[in-house]
Amino acid sequence: MQNKGAIRLLAILLALACIYQLSFTWKTNQVKSNAKEYANGDAAKEVYYLDSISGKEVYNFIGLRKYSFRECQQRELNLGLDLKGGMSVILEVSVVDVVRVLAAESSIDSAFDASMALAQEMQKTSQESFVRLFGKAFDKVSPGGRLAYYFYLNESLKDRITNNSTNSEVLEILEVEANSAISNSFNIIRNRIDRFGVAQPNIQQLETHGRIMVELPGINEPDRVRNILQSSAKLEFWETYENDQNFMNYLMAANKVIKELEDTKGDTTLLASSSNKNEKSTEKAKLDTGGLSLLEEMESGDSTSSDTTLARQQQMKDYPFLYSLLIPNLMNDNKQFVPGSTIGLAHIKDIQKINAYLEMKQVRAAFPPNVKFYWSAKAIKGDKSQTIYELNAIKVSRVGGREGKAPLDGSSVVNARDDVSATQATAQVDMTMDGEGGKVWARMTRENLGKCIAIVLDDKVYSSPRVQSEIKGGNSQITGDFTQAEAKDLANVLKSGKLPAPARIIQEAVVGPTLGKEGIDSGFNSFFIAFVIVLLYMIFYYNKAGIVADIALTINMFFLIGVLSSIGAVLTLPGIAGIVLTIGMSVDANVIIYERIREELRAGKGLKLAVKDGYQHAFSAIIDGNMTTVIAGVVLYLFGTGPIRGFATTLVIGILTTLFTAILLSRVIFVAMLDRNKNITFGTKWTDNIFYNTKIKFIEWRKWAYIISIATIVIGITSIAVRGINWGVDFTGGRTYIVRFDQPVNTAEVTKTIAAQMEGETPSVITFGDDNQIRVITKYKISERSVEADKEVETKLYTAVLPLLPQGTSFDTFITKYRQQSEKVGPTIARDIKIQAIWALVIALILMFIYIVIRFKKWEYGLGAVISLFHDAFIVISVYSIFYALVPFNLEADQSFIAAILTVIGYSINDTVIIFDRIRENSTLHPKLDRKWVFDTSMNSTLGRTFNTSFTTLIVLIVSFLFGGDVTKGFIFAMIIGIGIGTYSSVFVASPIAYDLLNWSEVRRKKKLEKA
């Protein structure tokens, strides 16, 4: 064998590189173990220990260089969120807002608004950028209209857009501005995350225009992350109205207007239902208590008296707005107004209704024309449920030509840092303003002595302090009952800068650390068990040659994990499934080689020559088979996200390392053994002649196979038509939660309690794994992108399951301990995922067809293979449809399901290509022999390889299914079905169809020749 030295050198260098890279993982695990020992079960101490040594040198690699703990963390094997726990989000930058901001306000008319609305509607079914869609929409709404009219007056565009600019020129500039906004948003979000202090964050722009993916391992504070990522950092300082009798009169006048409107409609039941949809909501009509105590009484009150109920209904009719929805901010039994700008309190579920009332023209007329209303950023202090918020009255005045705008905004802030108040010992944010901002701030504080100034960030009031004296010098503080972490985050957001356009979370996943640890344990347990079984099987079947295969397989696993670590790839739970599948693929290459060597030995060749010819003849089959699987892996990587990309990365790298170890490294070992005259055996007395000289008439049986396949497909079509498919939230949109209790729970009862909280929206609640763990899927408020909507749904879920939790369980404890995982997929991204899934399947099939046609030089082989792959994919889909409610694990069509189908396609085509390769070889050696004989002989001669590869792969998949945990059960089940169907179709579908197509083509050619 040539180049033995080069292969050995490459293997040694690769091994050293893997040892170097994996040593960082070993070191970080050692440090974390020391932290656990130091903390002795105290999580806070453990975090403190790790933070304290973050910048200290903890590792000296063979005296060459010293590394700090943070540097070691950055180089360790990167575990995905499903293994480590943490949070993953996909943000979408609102290009719609970018375009609207760039348009001059004085120019906006009905044609512009209609074009924007039409473009947003077109965006639901198109992959084009919003700017391009806006241009097309404008042409439809206003044929011959000029876009320049709307944008040339904008100060920032006047040097690039003139009144004479063409529509295409305007769109080009708008596209540049939109791309710039997206790029700036990405940089600002990255800066915020860098300051957040997360080890190994993953932040990247996705292919879809305007989308940014952020993965934060180890994070279990989703609210904090949502606020940091979605905050646009629009900081404003406003004068305020005082909560007094005068403003109370405005509220009473507004209530009167609303009552008259409701009386006109004659529907007072709507008002009750908008609040709480049960009798408890009518407690809001009580007038004998004020503030928080009244709200608490409303939520917990209970009365069975019919007289009391009638009285409440009458009070609801008299006070449909004030008291029913908005509670005046009073104290001392409603005798005294609470000083400040807060004019009322409301439950989070009523905020949307209150906002709708306050936006009505008739209601606005009851208030002064210069009043604006802003809600508090946080629930009020002392509210354990975190559901009661304050409504503040802001005074809008014309100051320095800034009509309708805040007198002072965040553009004047040059620095911000978190600090501790010297007087109150609470966290605060210290700000430094520029010269002009300092002057405005001094004037505002001088003119509002004894009054409140509201500090508003992203239309939420963070604090509303009363001015005690004029503040000069441009230095000020933001206070608001912050925790130290909240103050740090707020300072971080202000320093990072203002987002040029709003960014909204359209997909989100949160995995708790407990579920992540279980994922690691179950994943690696399944890997170890499968690995040992395969090692033993190879020795049983191939004797001494099996030991060589085991050595190559072990080295392959070491190289695979080392390469994953060195390139910074993320190892996910599906990624572990990919490693397990790589075991099967690695065995496949060895089986192909060994079966060819056994054939050469049966032909009477000597051992050295048989080994040489076996490797030589197996090479093309191995390359063709693995290349088609690489195609599936690449398509998965391009169209998948998160864990699916992790699976694709592992699969492709695993195939490449397999080719190196199975083809090159194992041969070097064989050559070394043969040079020492070692006797190598390729079978045992039980396996030597198994599958030898079989004469199964596959082509003759093909019609029966066609009948079986068609009947199976008809059953599948019937099931899909009648039962449908259990589509996951990836494709439909929705929120998913995994909740674990301390005792078994009844899913039917949980469904009722959650539905009652979510205003009749019936969720899907199933047992997930053990009977004390459930999976909740709901579409409640999925179209709303606000942080408040996310918090509201989580609060309702917490309220619904609270009776099943230990007494006194707080909301925060529920989130960190009992809610194991959450996921949110918005309708927009669900549609895009669906489109990407279809494209992934279509592109994979087209690429495989092209590859086979090029390699085998006959389209009949390619078409036979593609028909077989359609057959395999459809049967897997049918199995999901038939069994999704009949098996005790989740069979949901999601991204993992698509990954499973693509993997099955890759594996099935691998099997098919091996048979086609032998058919091509026999056709070349025996061109004049009957085609049926060639096909039957080729399929019989590869039967040993077909059985062994499928058997070993099924072994590892079944082990993963049994021991790999609940999260991947559906994914593994799809692959088990797919591998079985793929093996069947390679022999009974793909090859027979190729045979019939070749015969049909030959008949056509003969007819053409006869006519000629």
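An account of the accompanying structure is given in this report. The shown structure was predicted, so the numbers you read here are calculated from the model rather than taken from an experiment.

**A few points about the overall build of the protein chain**
Thinking step 1. If you tally the helices and strands in the protein chain, you get 34 helices and 25 strands.
Thinking step 2. Long-range pairs, those at least 24 residues apart, make up 74% of the contacts in the protein chain between residues at least 6 apart in sequence.
Thinking step 3. By element, 56% of the accessible surface of the protein chain is carried by carbon and sulfur atoms, the whole surface being about 44300 Å².

**Here we look at a nonpolar patch on the surface**
Thinking step 1. Taken together, Ile 838, Trp 839, Val 842, Ile 846, Leu 847, Ile 850 and Ile 854 make up a surface patch of nonpolar side chains, about 660 Å² in accessible area.
Thinking step 2. Looking at where Trp 839 falls in the secondary structure, it is placed in helix H29 (residues 827–856).
Thinking step 3. Owing to a relative accessible area of 48%, Trp 839 belongs among the partly exposed residues under this scheme.

**Thoughts on helix H34 (residues 969–1011)**
Thinking step 1. Between the first and last C-alpha of H34 there are 59 Å, a value that for 43 residues agrees with the 63 Å anticipated at 1.5 Å per step.
Thinking step 2. Remark: the principal bend of H34, roughly 50°, maps to Ser 985.

**A look at unusual backbone geometry**
Thinking step 1. Not every positive phi belongs to a glycine, and Asn 693 is a case in point at roughly 60°.
Thinking step 2. Mapped onto the elements, Asn 693 comes out in the loop between helix H23 (643–675) and helix H24 (702–722).
Thinking step 3. The phi angle at Lys 857 is positive, at roughly 60°, despite the residue not being glycine.
Thinking step 4. Residue placement: Lys 857 occurs in the loop between H29 and helix H30 (859–883).

**Examining the sheet that holds strand S5 (residues 202–205)**
Thinking step 1. Sheet architecture is open: eight strands sit in the order S5-S6-S4-S20-S25-S22-S24-S23, paired in antiparallel fashion. Strands at the two margins of the open sheet, each flanked by one partner only, are S5 and strand S23 (764–767). The sheet shows a mean angle of 15° between the axes of neighbouring strands, direction not considered.
Thinking step 2. Examined bridge by bridge, strand S4 (residues 86–93) and strand S20 (residues 503–511) share eight bridges and lie antiparallel to one another.

**Some thoughts on the packing of helix H33 (residues 943–963) against H34**
Thinking step 1. Contact geometry of H33 with H34 gives a least axis separation of 9 Å together with a crossing angle of 165°. The orientation of H33 with respect to H34, classified from their angle, is roughly antiparallel. The interaxial crossing formed by H33 with H34 has left-handed handedness. Contact with H33, carried on its side by Thr 946, Ser 950, Thr 953, Leu 954, Leu 957, Ile 958, Ser 960, Phe 961 and Leu 962, involves Lys 969, Ile 972, Phe 973, Met 975, Ile 976, Ile 979, Thr 983 and Val 987 of H34 and no other residues of that element.
Thinking step 2. Residues belonging to the contact of H33 with H34 are distributed by class as follows: 11 nonpolar, five polar and one charged.

**Quick notes on the packing of H30 against helix H31 (residues 895–925)**
Thinking step 1. Taken N-terminus to C-terminus, the directions of H30 and H31 make an angle of 145°; their axes are 9 Å apart at the nearest point. For H30 against H31, the interelement crossing comes out right-handed. Of the residues in H31, those in contact with Tyr 861, Ala 865, Ser 868, Leu 869, Asp 872, Ala 873, Val 876, Ile 877 and Tyr 880 of H30 are Phe 897, Ile 901, Val 904, Ile 905, Ser 908, Ile 909, Thr 912, Phe 916 and Ile 919.
Thinking step 2. Class assignment of the residues belonging to the contact of H30 with H31 gives a composition of 14 nonpolar, three polar and one charged.

**Considering the nonpolar core**
Most often, soluble globular proteins have nonpolar side chains that are buried together.
Thinking step 1. Counting residues in each nonpolar core, the largest one holds 123 residues, and the members touching the most others are Tyr 594, Phe 670, Tyr 861 and Phe 935.
Thinking step 2. Not counting residues up to four positions away in its chain, the partners in contact with Phe 935 are Ile 699, Tyr 861, Ile 919, Ser 991, Ala 994, Tyr 995 and Leu 998.
Thinking step 3. One finds Val 99, Ala 119, Phe 134 and Ile 189 within the second-largest nonpolar core, a separate group that totals 48 residues.

How each quantity is defined
- Residues numbered from 1 in each chain as written.
- Predicted model: local features only at pLDDT ≥ 70, side-chain atom pairs only at ≥ 80, totals over all residues.
- Heavy atoms only, no water.
- Helix = DSSP H or I, 4+ residues; strand = E, 2+ residues; numbered from the N terminus.
- Contact = heavy atoms within 4.5 Å.
- Areas by Shrake-Rupley, 256 points an atom, 1.4 Å probe, with all protein chains shown as cover.
- Patch = residues over 30% accessible without salt bridge, like charges linked within 9 Å, V, L, I, M, F, W, Y side chains within 5 Å.
- Salt bridge = Lys/Arg side-chain N within 4 Å of Asp/Glu carboxyl O.
- Buried < 20%, exposed > 50% of the residue type's maximum accessible area, 1.4 Å probe, protein only.
- Expected span 1.5 Å × (residues − 1).
- Bend = angle between axes of the 7 residues up to and from the residue.
- Pairing = 2+ DSSP bridges.
- Axes fitted to C-alpha atoms, helices over the stretch in contact; angles between N-to-C directions.
- Parallel < 35°, antiparallel > 145°, perpendicular 65-115°, else oblique.
- Left-handed = near helix turned anticlockwise from the far one by under 90°.
- Nonpolar A, V, L, I, M, F, W, Y, C, P; charged D, E, K, R; others polar.
- Core = buried A, V, L, I, M, F, W, Y, C linked by side-chain atoms within 4.5 Å.

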